[in-house]
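A structural walkthrough
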Amino acid sequence: MKKIKIKVPATVANLVCGFDILGMAIHEPYDEMELKLLDTPEIIIKHEDDFGLPEDPSQNVAGVVLQNIQKHFQLTQGFEVTIRKHIKPGSGLGSSAASAAGAAFGANVLLGNSLSDEEMIHFAMFGEELASGVRHADNIAPCIFGGITLVKSSSPIDIIPLSAPDLFVVAVHPQVEVKTSDARQILKKNVLLKDAVEQWGNIAGLVAGILKNDIPLIGRSLHDVIVEPVRSILIPKFDEIKIKSLEAGALGGGISGSGPSIFMLAEKKETAEHIARLMKSVYDEIEIESFVYVSKINPAGIEIIEEQ
Ligand code: HSE
């Protein structure tokens, strides 16, 4: 295998209460990436999008992943990567994770599937570290494997794929940028025991709800008493969107990753589409441009479009 073209999905991390441990893949938006194995050791990054991301491999999320793979396996070959990014950086929809996961996944295929799942996650986390300063796998894991994943631990890497309930996801991305590194910096370093107990109940309830396909349990577990109260102040109209979505029949939802995107889960397509219109109208009213995505949970993760 010399060349591969892949479709790399956006992801919603945290799933409200599971900060840094839960995430799910969605169908839209997605990035397209082409990776080529080179006979020479260079790593070449090309961006065919308008986001102005660095193309120096040591400063590029996909680049550092490939550099680490190359170094670890003492490869004499290099890689050329072309990225067509549609997941806007700083959207809270796993843009950096998509580049990192796509690089690890693509390199693995080009190298004859010689990396284990844990190794793919391990190398992809170098990209997240470059983007946010922290090695977290809650976007990377669902991006690669699809569905909903639980990062039981990121050191050592222990990822548990969970079944994906048949639900619709609505995500709104208001065009304001929130950097993950900033959204992490404002978090409190200590948590009250009573808040931790409430959060543990919600996380356990959410995971149990997902595994039992108990939709009402999923809905009543989507509460976050630790991160959302702090981060939501960075997102215009967060409370209004949440209240209106719940009134319109959303099961629950909250900040997507570190924001500013907001996501909601809904059982029916009509409800999801209605919520999407509501979300957009809230931002239209205050003249903030927004993009809305309605999709099912994506069970596949990264997909190979072409290989040569
Ligand atoms: N778990 C990470 C955070 C996801 O909330 O900071 C970032 O997309």
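Given the structure is predicted, the values throughout are model-derived calculations rather than measurements.

**Re a nonpolar patch on the surface**
Together, Ile 186, Ile 233 and Leu 234 make up an exposed nonpolar region whose accessible area comes to about 280 Å². Residue placement: Ile 186 occurs in the loop between helix H5 (180-185) and helix H6 (193-212).

**Overview of the UniProt feature "binding site: ATP" (unreviewed entry) in the chain**
The sites that UniProt annotates as "binding site: ATP" (unreviewed entry) are Lys 88, Pro 89, Gly 90, Ser 91, Gly 92, Leu 93, Gly 94, Ser 95, Ser 96, Ala 97 and Ala 98. If you trace the backbone, Pro 89 turns up in the loop between strand E4 (78-84) and helix H2 (95-110). Using a relative accessible area of 25% as the deciding quantity, one classes Pro 89 as partly exposed. Mapping Leu 93 onto the fold places it in the loop between E4 and H2. Apart from the residues within four sequence positions on either side, Leu 93 is in contact with Ala 10, Thr 11, Val 12, Ile 26, Pro 29, Ile 87, Ala 171, His 173, Ser 256, Ser 261 and Tyr 293.

**A short note on the UniProt feature "domain: GHMP kinase N-terminal" (unreviewed entry) in the chain**
Taking the numbering used here, the UniProt-annotated feature "domain: GHMP kinase N-terminal" (unreviewed entry) corresponds to residues 64-147. Between the end C-alpha atoms of residues 64-147 there is a gap of 26 Å, over a span that is 56% helix and 8% strand.

**Structural notes on the sheet that holds strand E10 (residues 290-296)**
Each strand in a sheet pairs with its neighbour through backbone hydrogen bonds, running either in the same direction (parallel) or in the opposite one (antiparallel). Taken in spatial order, the four strands make up an open sheet running E8-E9-E7-E10, and their pairing is antiparallel. Either end of the sheet is taken by a strand with one partner, and the two such strands are strand E8 (252-255) and E10. Ignoring strand direction, the axes of neighbouring strands in this sheet form an average angle of 15 degrees.

**With respect to the pattern of salt bridges**
Any two side chains of opposite charge can pair, so long as their charged atoms come close to each other. Per the counting criterion, the structure on display carries 16 salt bridges. Across the pair Asp 20 and Arg 184 runs a salt bridge whose closest N-O atoms are separated by 2.6 Å. Of the two residues, Asp 20 sits in the loop between strand E1 (3-13) and strand E2 (22-38) while Arg 184 sits in helix H5, which places them 164 residues apart along the sequence. Accessibility expressed as a relative area gives 15% for Arg 184, which makes it buried. Connected through salt bridges with shared partners, the residues Glu 32, Glu 34, Glu 48 and Arg 84 form a single ionic network.

**A short note on the environment of Gln 70**
Looking at where Gln 70 falls in the secondary structure, it is placed in helix H1 (residues 61-72). A C-alpha to C-alpha distance of 44 Å links Gln 70 and Asp 214, two positions 144 residues apart in sequence. Excluding residues that lie within four positions of it along the chain, Gln 70 makes contacts with Pro 41, Ile 43, Leu 75, Gln 77 and Gly 78. A polar contact of 2.7 Å, which involves the side chain of Gln 70, links it to the backbone oxygen of Pro 41.

**Looking at the nonpolar core**
Formed by 71 residues in total, the largest nonpolar core has its most connected members in Met 24, Ile 121, Phe 263 and Leu 265. Tallying contributions element by element places H2 first for this core, with 10 residues. The residues touching Met 24, leaving out its near neighbours within four places in the chain, are Ala 10, Thr 11, Val 12, Leu 15, Pro 142, Gly 147, Ile 148, Val 169, Phe 263, Leu 265 and Ile 297. Counting 18 residues, the second largest nonpolar core, distinct from the first, contains Ile 235, Ile 255, Val 282 and Tyr 283.

**Focus: the site of the ligand**
Neighbouring residues of the ligand: Ala 13, Asn 14, Phe 19, Asp 20, His 136, Asp 138, Asn 139, Thr 180, Arg 184, Arg 231, Gly 257 and Ser 258. Here Arg 184 contributes a side-chain N or O atom positioned 2.8 Å from an oxygen atom of the ligand. Here an oxygen atom of the ligand sits 2.7 Å away from a polar atom, N or O, in the side chain of Arg 231. Contact with the protein chains covers 97% of the free accessible surface of the ligand, which is 260 Å².

**Here's the deal with the pairing of E2**
Counting buried positions along E2 yields 13 of 17 residues, so the element is predominantly enclosed. By the bridge criterion, 10 bridges tie E1 to E2 in an arrangement that is antiparallel. Looking at E2, one finds that Lys 7 is bridged to Glu 32. With three bridges connecting them, E2 and strand E5 (residues 148-154) associate as antiparallel partners.

About the criteria used
Residues numbered from 1 in each chain as written. Predicted model: local features only at pLDDT ≥ 70, side-chain atom pairs only at ≥ 80, totals over all residues. Heavy atoms only, no water. Patch = residues over 30% accessible without salt bridge, like charges linked within 9 Å, V, L, I, M, F, W, Y side chains within 5 Å. Areas by Shrake-Rupley, 256 points an atom, 1.4 Å probe, with all protein chains shown as cover. Salt bridge = Lys/Arg side-chain N within 4 Å of Asp/Glu carboxyl O. Helix = DSSP H or I, 4+ residues; strand = E, 2+ residues; numbered from the N terminus. UniProt positions renumbered as here; feature names shortened; annotations may be inferred. Buried < 20%, exposed > 50% of the residue type's maximum accessible area, 1.4 Å probe, protein only. Contact = heavy atoms within 4.5 Å. Pairing = 2+ DSSP bridges. Axes fitted to C-alpha atoms, helices over the stretch in contact; angles between N-to-C directions. Polar contact = N/O pair within 3.5 Å; in protein donor to acceptor, adjacent residues only side chain to side chain. Core = buried A, V, L, I, M, F, W, Y, C linked by side-chain atoms within 4.5 Å. Near = heavy atom within 4 Å.

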